[in-house]
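For reference, the chains in residue letters:
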Amino acid sequence: MSMPDQTVLSSAGEAERAAFRAGPVDEQSRERLASGGLDYRRLDVDGDAFGAWLQVVARGFQDGERSAEQIAASQERSGYRRVTGVYDPVAPVPEAPVATIASWLGELTVPGGAAIPSCAISAVTVSPTHRRRGIARAMLEGELRAANAAGVPMAMLTVSESTLYGRYGFAPAAPAASWRIETKRAQWIGPRPDGRVDFVPREKLRELLPVVHERARLRVPGEIDVPAGHWDNIAGTRPDAEKAGDKRAVQYADASGQVRGLAVYAVRENHDDFTKATVTVHYLVAEDDEAYAGLWRFLLELDLVAEVHANELSTDEPLLWMIADQRAATVTVRDHQYVRILDVPAALEARRYETAGRLVLDVADPLGIAEGRYLLEVGADGAGRVTRLAGDAVEDAVEVALGVTELSAVYLGGVSLATLAAAGRATSTAAATAARILSWHVTPRLSIWY
Ligand SMILES: CC(C)(COP(=O)(O)OP(=O)(O)OC[C@H]1O[C@@H](n2cnc3c(N)ncnc32)[C@H](O)[C@@H]1OP(=O)(O)O)[C@@H](O)C(=O)NCCC(=O)NCCS
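Scope of this entry: the structure provided in the associated data block.

Scoring rules and cut-offs
Residues numbered from 1 in each chain as written. Predicted model: local features only at pLDDT ≥ 70, side-chain atom pairs only at ≥ 80, totals over all residues. Heavy atoms only, no water. Helix = DSSP H or I, 4+ residues; strand = E, 2+ residues; numbered from the N terminus. Buried < 20%, exposed > 50% of the residue type's maximum accessible area, 1.4 Å probe, protein only. Pairing = 2+ DSSP bridges. Phe/Tyr/Trp six-rings, centres within 6.5 Å; stacked < 30°, edge-to-face > 60°.

### Quick notes on unusual backbone geometry
- A positive phi angle is found at Gln62, which is not glycine, with a value near 60°.
- Phi at Ala123 takes a positive value of approximately 55°, unusual for a residue other than glycine.
- Turning to its location among the elements, Ala123 is positioned in strand 4 (residues 114-126).

### Regarding the pairing of strand 3 (residues 99-110)
- When you tally the buried positions in strand 3, you get 12 out of 12 residues, the bulk of the element.
- Burial along strand 3 is two-sided: the residues Ala99, Ile101, Ser103, Leu105, Glu107 and Thr109 and Thr100, Ala102, Trp104, Gly106, Leu108 and Val110 are all buried.
- Taken together, the 11 bridges between strand 3 and strand 4 define a ladder with antiparallel strand orientation. Bridging from a neighbouring strand, Ala102 pairs with Ser122 of strand 4.
- Between strand 3 and strand 4, which follow one another and run antiparallel, lie 3 residues, and Gly112 among them has a positive phi close to 110°.

### Some points on the packing of aromatic side chains
- Overall, the coordinates contain 8 aromatic pairs when judged by the stated rule.
- Between the aromatic rings of Tyr165 and Tyr168, the centroid separation amounts to 6.2 Å while the plane-to-plane angle is 55°, which identifies the pairing as tilted.
- Among the residues examined, Tyr165 registers a relative accessible area of 8% and is labelled buried.
- Judged by relative accessible area, which is 6%, Tyr168 ranks as buried.
- Their ring planes at 75° and their centres at 6.0 Å tell us that Tyr165 and Phe170 sit as a pair that is edge-to-face.

Dropping the structure here:
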């Protein structure tokens, strides 16, 4: 339940992250699972139990068995995670969990260029032998309550299936666009910046990725601070990386020699026609418009390439306006970054607004965590102030009634409140006014999976 006088984290420093990792499992979920004979407990990433936990995660995602090398590589890169399992003591292999979940305290970029502490959740699996008896629900509710108790104002995840997480208050808040670009048809008409593009070895890429990303991530709502191990996956520098040699890396340096952007891609040859290879862009990060144009131009003008594929792009890419023939790009959109507000005042005060105004938000929450009536007052400076209301009427304020899922959906600016009202997902005395206050001019995006 919401705790009005509890301390809410305003930053995610090393001390806060360590405290979150070491925090207890939620007692309510522990008791619920114990009543079914199951043991819900955190485990030590450095300990012996980790290998069995990881094998269960791999099996849960229909992946193959992990080798000793893969387990060691994963263990070495999992120190940032709070790792939890559900164990069945009477199973033939009681040391292997029957369900898994991992989480960590990270940061989510919000409209206006600030970051809010956020509980990232991943590795959610329930063994097919134990499915559909409420174990995933107990774990999800448990992690959300644990995050709320630790003062974390937000939770986030990326999903295997879209239908799983709305019931816990999560909403798709930053969609991902997949692009297939016919390069010969596209024709570059964008800027031709002065900087230079050069190939760099993967090890150098691995060094530069966190540096450039750190300078870029606050530009776009929905992006997160990326755990170090993910960079090894992207750069192909994990000791157990497969086909790492396929990855080519380039950097964009501005006229002064500063590296401002990076791209990593792989090329698949076409043996029937050597002019028709396909490039897959695994990751592209640009900290300014110049680097963005420089890297995309390089990719679209590669010789012997007919198509470029890229995923996890924004639905509002400047790239579309940098090519002469927009029909050269086939764009497919789907849900990607899910967020779940845990603390309404902290979340709404962390972001900025483009229009001044007053909204009363009547928020329903199936888990009770964010439930309540709140007055959001946005001043001319774009800052928001939130007051919890006892239920009294407020003069000169637009009323909005919605669920925490819908509030989470509009939070990053990825969908208009007017659209949700038209879809019957929110009601308001003036949906257009409320939509103007909650909207944001930068379309949210998340360029990785986690
Ligand atoms: C998805 C998964 C974790 C569900 O675990 P589970 O323990 O069977 O789920 P629960 O019994 O706790 O079900 C909780 C709710 O989700 C619903 N649900 C579960 N799996 C679902 C699915 N695949 N699609 C739609 N709804 C689903 C249940 O009906 C239940 O609904 P309710 O509580 O609102 O009535 C499990 O099937 C699994 O491990 N899948 C493969 C790995 C995966 O996709 N993980 C998710 C990664 S993001």
